[in-house]
Amino acid sequence: MSVKVISNVGDAFAQDVLMINIFGGDFTNEDNLPIKTLNKAMDDQIKQFLSNYPMAANYGEINILHTMKMLQAKSVIIVGSGKFNEMTSDKLRNLSGKAIQIAKKINAKSIGIYTNLNYNFDYADAVQAIIEGVTLGAYQFDFYKSTEKNAPLETIVLVEPDQILVDVAKAIVSKTTVVTDSVCHCRDLVNHPACTVTPTYMAQEAEKLAAYDNFTVEIMDLAAIKKLDMGAFLAVAKGSNEPPKFITIKYTGNKASDECLAYVGKGITFDSGGISLKPSSSMGEMKDDMAGAATVLTAMQAIGQLQPKVNVLAVIPCCENMPSGHATRPGDVVKSMSGITIEIDNTDAEGRLILADAVHYATTLGATKIIDIATLTGACVVALGHVASGVVSNDEQLCNALLKVAKSTGEKMWQLPNYEEYKEQFKSDIADLKNTGGRMAGTITAAMFIECFVKGLPWAHIDIAGTAYLKSSNGYNVKGASGVATRTLIELALDMEK
Ligand code: BES
Ligand code: MG
Ligand code: ZN
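Note that the structure is a prediction, hence the values are computed from the model and not measured. (Residues numbered from 1 in each chain as written. Chains lettered and ligands numbered in written order. Predicted model: local features only at pLDDT ≥ 70, side-chain atom pairs only at ≥ 80, totals over all residues. Heavy atoms only, no water.)

**Considerations on the overall build of the protein**
Then comes step 1: Looking only at helices and strands, the protein features 15 helices and 20 strands.
Then comes step 2: For the protein, the C-alpha radius of gyration of 24 Å lies close to 23 Å, the compact-globule estimate for 498 residues.
Then comes step 3: Reported as C-alpha extents along the three principal axes, the dimensions of the protein are approximately 80 × 50 × 40 Å.
Then comes step 4: Counting the 498 residues in the protein, one finds 58% classified as buried.
Then comes step 5: Restricting the contact set of the protein to residue pairs at least 6 apart, pairs at least 24 apart contribute 78%.
Then comes step 6: Entry remark: accessible area of the protein is about 20,200 Å², with carbon and sulfur atoms responsible for 51%.
Then comes step 7: In the protein, 45 side chains carry a positive charge and 55 a negative one; their mean positions are 3 Å apart. (Helix = DSSP H or I, 4+ residues; strand = E, 2+ residues; numbered from the N terminus. Rg over C-alpha atoms; globule rule 2.2 N^0.38 Å. Buried < 20%, exposed > 50% of the residue type's maximum accessible area, 1.4 Å probe, protein only. Contact = heavy atoms within 4.5 Å. Areas by Shrake-Rupley, 256 points an atom, 1.4 Å probe, with all protein chains shown as cover. Lys, Arg positive; Asp, Glu negative; His and termini not counted. Charge placed at Lys NZ, Arg CZ, Asp CG, Glu CD.)

Dropping the structure here:
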């Protein structure tokens, strides 16, 4: 997909569809340059449409006007945007995403965007939100369809009428497309079934990143993982015939600094539950259990292209959780790489096991702050639904930095407490810890289990069990993998540069 910024309106009028935002309330349509220009080109049709149907300006209303050859564009998408003063970058992103999903239904391959770019918030945020909304909303995954493939959206033409701002907008767009390419890549990795995205496939994807400046990629195979005594990770991996891979990516953007932010992502390429087998009804969805890994990997892809002056370490343990004659049994005790022993009460609580060794490994590689991300608990889906990801942290500063960035990206995250009392729930009678904490506060106990392995470093944990994979389209998110948190992890790394 190509995104162009132009100052000549005619180019936008010449695409398959033209998108404009219409406001009600205090931003009168007479002040709106795009509408004025379009009205002129369309013989007052927009004005007439709005006087007949003022509700079209309400937030979230999307209408299509056919241009009857008055413009080269066949249709105009009228995006009802509510009150001008109430616009936020998140609303703009969602509206643009919703509009493009409708444009795609009328087979648009190109879209001109002629809309207001100046709001009560940052210009860069507005341009970024519109381009994110359109590119992410246009995402489709039809890799396995032999017929009924939809033509992809190929061209986006954004109008910035002020010639002086065209270069500014171009720079924002070029950063934004790096971000959206990463999110779409993340979605692809999660949408592909587990027979395609194996640990080996993830390792190959990681190896591609070695081409970026200041990057080193290391893939450990079974023998190397055994050598490091990663007993918790191996306890999960050993039930499957798929060889496990333990991926480490190091980005050194600031050689002069000892600070190193580690991103650790859960890479269970399929979670059957193991011997504690899941019910079959929605087991197929468990191909998404590597979404944390995909998020970290694709955030690194953007970091590689944007080269912020920070150090970022990515640790991505990948394996399958399967039942077999060589799988771990409930009740087994294993020794993690850190030396902490774990009673495996339930083999379906495998995410915290592989993350225990992964966060510990990050501490041995010089991480000074750790953020782990995982489709970790069904309890998080119960608590926060498909709207927000759960956050648990031991460090106010790191947690606030994360939540602040998440607010700016519109990827909703909500902090849950990590009170000492919860630790009682995952004490084992025969080992140091057990890998379940009972039905109560399941998201918190799972997170606090991982916390036991971070050696007191500032740490935050993001549970994306409810947000990584969506059953229906909404705003810029289309049904299926959302690529959630990729944007937040990228922007956090960029933010840490400051
Ligand atoms: N991968 C699942 C969590 C999950 C649930 C992700 C729903 C996405 C949607 C995880 O490995 C798991 O099975 N967790 C168990 C833990 C329990 C056995 C303590 C759960 O949440 O039921
Ligand atoms: Mg599980
Ligand atoms: Zn899992």
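Continuing now.
**Details of the pattern of salt bridges**
Then comes step 1: Using the criterion set out here, one finds 18 salt bridges in the structure.
Then comes step 2: The shortest N-O distance in the salt bridge between Asp348 and Lys278 comes to 2.8 Å. With Asp348 in the loop between strand S13 (341-343) and helix H11 (351-364) and Lys278 in the loop between strand S10 (267-271) and helix H10 (291-306), this residue pair connects regions lying 70 residues apart in the sequence.
Then comes step 3: Overall, the relative accessible area of 22% leaves Asp348 in the partly exposed class. (Salt bridge = Lys/Arg side-chain N within 4 Å of Asp/Glu carboxyl O.)

**A few points about the coordination of the magnesium ion (ligand 2)**
Then comes step 1: Coordination sphere of the magnesium ion (ligand 2), protein contribution only: Asp271 (OD), Asp348 (O), Asp348 (OD) and Glu350 (OE), at 2.0 to 2.2 Å.
Then comes step 2: In this structure, the magnesium ion (ligand 2) is surrounded by 6 donor atoms whose angles at the metal cover 72 to 169°, and the resulting shape is irregular.
Then comes step 3: Each donor residue of the magnesium ion (ligand 2) lies on the same chain, and together they follow the pattern D-x76-D-x1-E.
Then comes step 4: Taken as a pair, the magnesium ion (ligand 2) and the zinc ion (ligand 3) lie 3.2 Å from each other and share Asp271 as a ligand. (Donors = N, O, S within 2.8 Å, 3.2 Å for Na, K, Ca; no water. Tetrahedral: all angles 85-135°; square planar, octahedral: opposite > 155°, others 65-115°.)

**Here's the deal with the side chain of Ser89**
Then comes step 1: Structurally, Ser89 can be placed in helix H4 (residues 89-105).
Then comes step 2: Take Ser89: its relative accessible area is 15%, and that puts it in the buried class.
Then comes step 3: The contacts of Ser89, once residues within four sequence positions are left out, are Phe121, Asp125, Ala129 and Ser408.

**Some words on unusual backbone geometry**
Then comes step 1: Positioned with a positive phi, Lys69 is a non-glycine residue whose angle comes to about 65°.
Then comes step 2: Secondary-structure assignment places Lys69 in the loop between strand S3 (62-66) and strand S4 (75-83).
Then comes step 3: With a phi angle near 55°, Lys455 is a residue other than glycine that sits in the positive phi range.
Then comes step 4: Here Lys455 is to be found in the loop between helix H14 (442-451) and strand S18 (459-463).

**Quick look at the domain arrangement of the protein**
A common measure of how large an interface is: the accessible area buried when the components associate.
Then comes step 1: Examined at the domain level, the protein breaks down into domain 1 (2-180) and domain 2 (192-497).
Then comes step 2: Taking only C-alpha atoms into account, the centre of domain 1 sits 37 Å from that of domain 2.
Then comes step 3: With 19 residues of domain 1 at the contact, the number on the domain 2 side is 20 residues.
Then comes step 4: On inspection of domain 1 and its partner domain 2, the count reaches 3 salt bridges.
Then comes step 5: Linking Asp90 and Lys412 is a salt bridge whose minimum nitrogen-to-oxygen distance equals 3.6 Å. (Domains from an automatic or database assignment.)

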